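Residues per chain are reported as follows:
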Amino acid sequence: MKIGVVNNCLKGETRVAMTPQTAQKYIKEGYEILFEKCAGINAGFQDEAYQKAGVLLFEREKVLESHIILSVLPPKKSDLPSFKEGQWLVCDMTSFDDKAEMQDLVKTDIGVIDLGRMPRISRAQVMDVLSSQSLIAGYKAATTALDALKKTTPLLMTSAGTLTPAKAVVIGAGVAGLQAISVLKRMGANVLATDIRPESKTEIESVGGKFVQDAISELETADILITAAFSVGKKAPLLVKKENIQKMPQNAIVIDMSEGNVEEGFSRPDIYFIKDRHFERRLAHSASILFSNNVYAFLAAFNFLGEKTNFDDELLRAVLICSDGFLRGKIR
């Protein structure tokens, strides 16, 4: 059986669905790996590393002939004529909202697995691409904020005077938000955080943050604001209005990981403002390692989608979008 790995089509995407290390695992299982030339370069994996691992390098058209096709993102529209009945596409389709193109994909009779729909249960953790990528994104958002900050983060007591710790506010305590809290706290910041989930107070405190009900009222003295309140497939809620940003201290840092939690239009050129829902792409090497491991764990758990695969398993039913020309499950 051949497993193919293709480059990703979305502008700005830097990750790859298989690293040289995981390629070796597939090869030990007896699979032939076809890899699109230069597909791993943006993630810091050179073609030579894949060749050394035993991977065969080809142009995209040849790779698309594989029985299983791996990609971080959905395929290009121009890829559809290459698909054939019996093939499988395994990727993360959470950002794919083109219903017409999805219908065209279904008509190719290819089977499609959306790992972004993996249930959040214990046995699925090793396959959960959203959690692994959110972990990287939260880390990078926090370090980006710290790098942009024009003051020291921890309390520093010196003979020349005392420097007070930076104050950070995090809104949204999912995987990304909790990781941001953890990084900021480890670097010495005073971190306040909130989330609408009842269990969030315990989770926030477990990584060193202080839970607050009203995070907005804390912004007038906050050096850093990170918002990460959003759900996959849903529009991010507007939580911080521009007048709230206007009241923040000089040279404050505002990072909107949801691309929708913070209202734009505030007139504060001194504020460092970034909105980016894909901070994991800024650490493509690390993100690709985790993504690749997630994909391998999924395929290994389900017999590489072969004849012995149990398609009635609750996890497989959750991520199976279509097969044999029929839709299985709701399209986001």
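The rules we used
Residues numbered from 1 in each chain as written. Predicted model: local features only at pLDDT ≥ 70, side-chain atom pairs only at ≥ 80, totals over all residues. Heavy atoms only, no water. Helix = DSSP H or I, 4+ residues; strand = E, 2+ residues; numbered from the N terminus. Buried < 20%, exposed > 50% of the residue type's maximum accessible area, 1.4 Å probe, protein only. Contact = heavy atoms within 4.5 Å. Polar contact = N/O pair within 3.5 Å; in protein donor to acceptor, adjacent residues only side chain to side chain. Core = buried A, V, L, I, M, F, W, Y, C linked by side-chain atoms within 4.5 Å. Axes fitted to C-alpha atoms, helices over the stretch in contact; angles between N-to-C directions. Parallel < 35°, antiparallel > 145°, perpendicular 65-115°, else oblique. Left-handed = near helix turned anticlockwise from the far one by under 90°. Nonpolar A, V, L, I, M, F, W, Y, C, P; charged D, E, K, R; others polar. Pairing = 2+ DSSP bridges. Right-handed = clockwise from strand over helix to strand, strands pointing away. Arc of directions from axis to C-beta. Salt bridge = Lys/Arg side-chain N within 4 Å of Asp/Glu carboxyl O.

**Brief notes about the environment of Glu 218**
Structurally, Glu 218 can be placed in the loop between strand S11 (210-211) and strand S12 (224-227). Its relative accessible area of 23% is what places Glu 218 among the partly exposed residues. For the pair Glu 218 and Leu 73, spaced 145 residues apart in sequence, the C-alpha separation works out to 38 Å. Not counting residues up to four positions away in its chain, the partners in contact with Glu 218 are Lys 167, Val 169, Leu 192 and Val 212. Engagement of the side chain of Glu 218 in a polar contact is seen with the side chain of Lys 167, the distance being 2.7 Å.

**Focus: the nonpolar core**
Ile 3, Tyr 26, Leu 70, Val 90, Ile 113, Phe 298 and Leu 299 are the most contacted members of the largest nonpolar core, which has 42 residues in total. Contributing elements (two or more residues each) for this core: strand S1 (2-5), helix H1 (20-28), strand S2 (32-36), strand S4 (68-70), strand S5 (88-91), helix H9 (284-301) and helix H10 (314-319). Considering every element that reaches this core, the biggest residue donor is H9, with 7 residues. Ignoring any residue separated from it by four or fewer positions in sequence, one finds Phe 298 in contact with Ile 113, Leu 115, Met 118, Met 127, Leu 305, Leu 316 and Val 319. Counting residues in hydrophobic clusters, the runner-up holds 29 residues, among them Ala 168, Ile 204, Ala 228 and Met 257.

**What to know about the packing of H1 against H9**
Between H1 and H9, the least distance of the axes is 9 Å, while the angle of their chain directions is 15 degrees. With respect to each other, H1 and H9 are oriented roughly parallel. Here the hand of the crossing between H1 and H9 comes out left-handed. Between H1, through Thr 22, Lys 25 and Tyr 26, and H9, the contact on the second element is made entirely by Ser 292, Asn 293, Val 295, Tyr 296 and Leu 299. Class assignment for the residues of the contact of H1 with H9 results in 4 nonpolar, 3 polar and 1 charged.

**Re the pairing of S2**
Of all 5 residues making up S2, 4 are buried, and the element is well covered by its neighbours. The sheet contact formed by S1 and S2 spans 4 bridges and is parallel. Paired with Val 5 across the bridge in S2 is Phe 35. Chirality of the crossover, the property in question, places the unit of S1, H1 and S2 among those that are right-handed. Direction of pairing for S2 relative to strand S3 (residues 56-58): parallel, over a ladder of 3 bridges. The residue bridging Glu 36 from the neighbouring strand is Phe 58, located in S3. After leaving S2, the chain enters helix H2 (residues 47-53) and then returns to the sheet as S3, a path that is right-handed.

**Some remarks on helix H4 (residues 99-107)**
Along H4, the residues that are buried comprise Glu 101, Met 102, Leu 105 and Val 106. Along the axis of H4, the buried positions cluster into a sector of 150 degrees, meaning they face one direction only. More than 90 degrees from the buried face of H4, the exposed residues found are Ala 100 and Lys 107. Two residues or fewer past H4, Asp 109 is found with a positive phi of approximately 70 degrees.

**Here's the deal with unusual backbone geometry**
The backbone phi angle of Cys 38 is positive, close to 70 degrees, even though this residue is not glycine. Locating Cys 38 in the fold gives a position in the loop between S2 and H2. A positive phi angle, close to 60 degrees, is found at Asn 251, a residue other than glycine. With relative accessibility at 31%, the residue Asn 251 sits in the partly exposed group.

**Let's talk about the packing of helix H5 (residues 129-148) against helix H6 (residues 175-186)**
Two numbers describe how H5 lies on H6: the axes approach to 7 Å, and their chain directions differ by 40 degrees. Relative to H6, the element H5 lies oblique. Crossing of H5 over H6 shows right-handed handedness. For the pair H5 and H6, the contacting residues are Ser 131, Ser 134, Leu 135, Gly 138, Tyr 139, Ala 142, Thr 143 and Leu 146 in the first and Val 175, Ala 176, Gln 179, Ala 180, Val 183 and Leu 184 in the second. The class makeup of the residues in the contact of H5 with H6 is 9 nonpolar, 5 polar and no charged.

**A word on the pattern of salt bridges**
Evaluation of the coordinates by the stated rule reveals 19 salt bridges. The partner of Arg 15 in a salt bridge is Glu 13, with the nearest N and O atoms 2.8 Å apart. Between Lys 151 and Asp 223 there is a salt bridge, and its shortest N-O distance comes to 3.6 Å. Of the two residues, Lys 151 is situated in the loop between H5 and strand S7 (156-158) and Asp 223 in the loop between S11 and S12; the sequence distance between them amounts to 72 residues.

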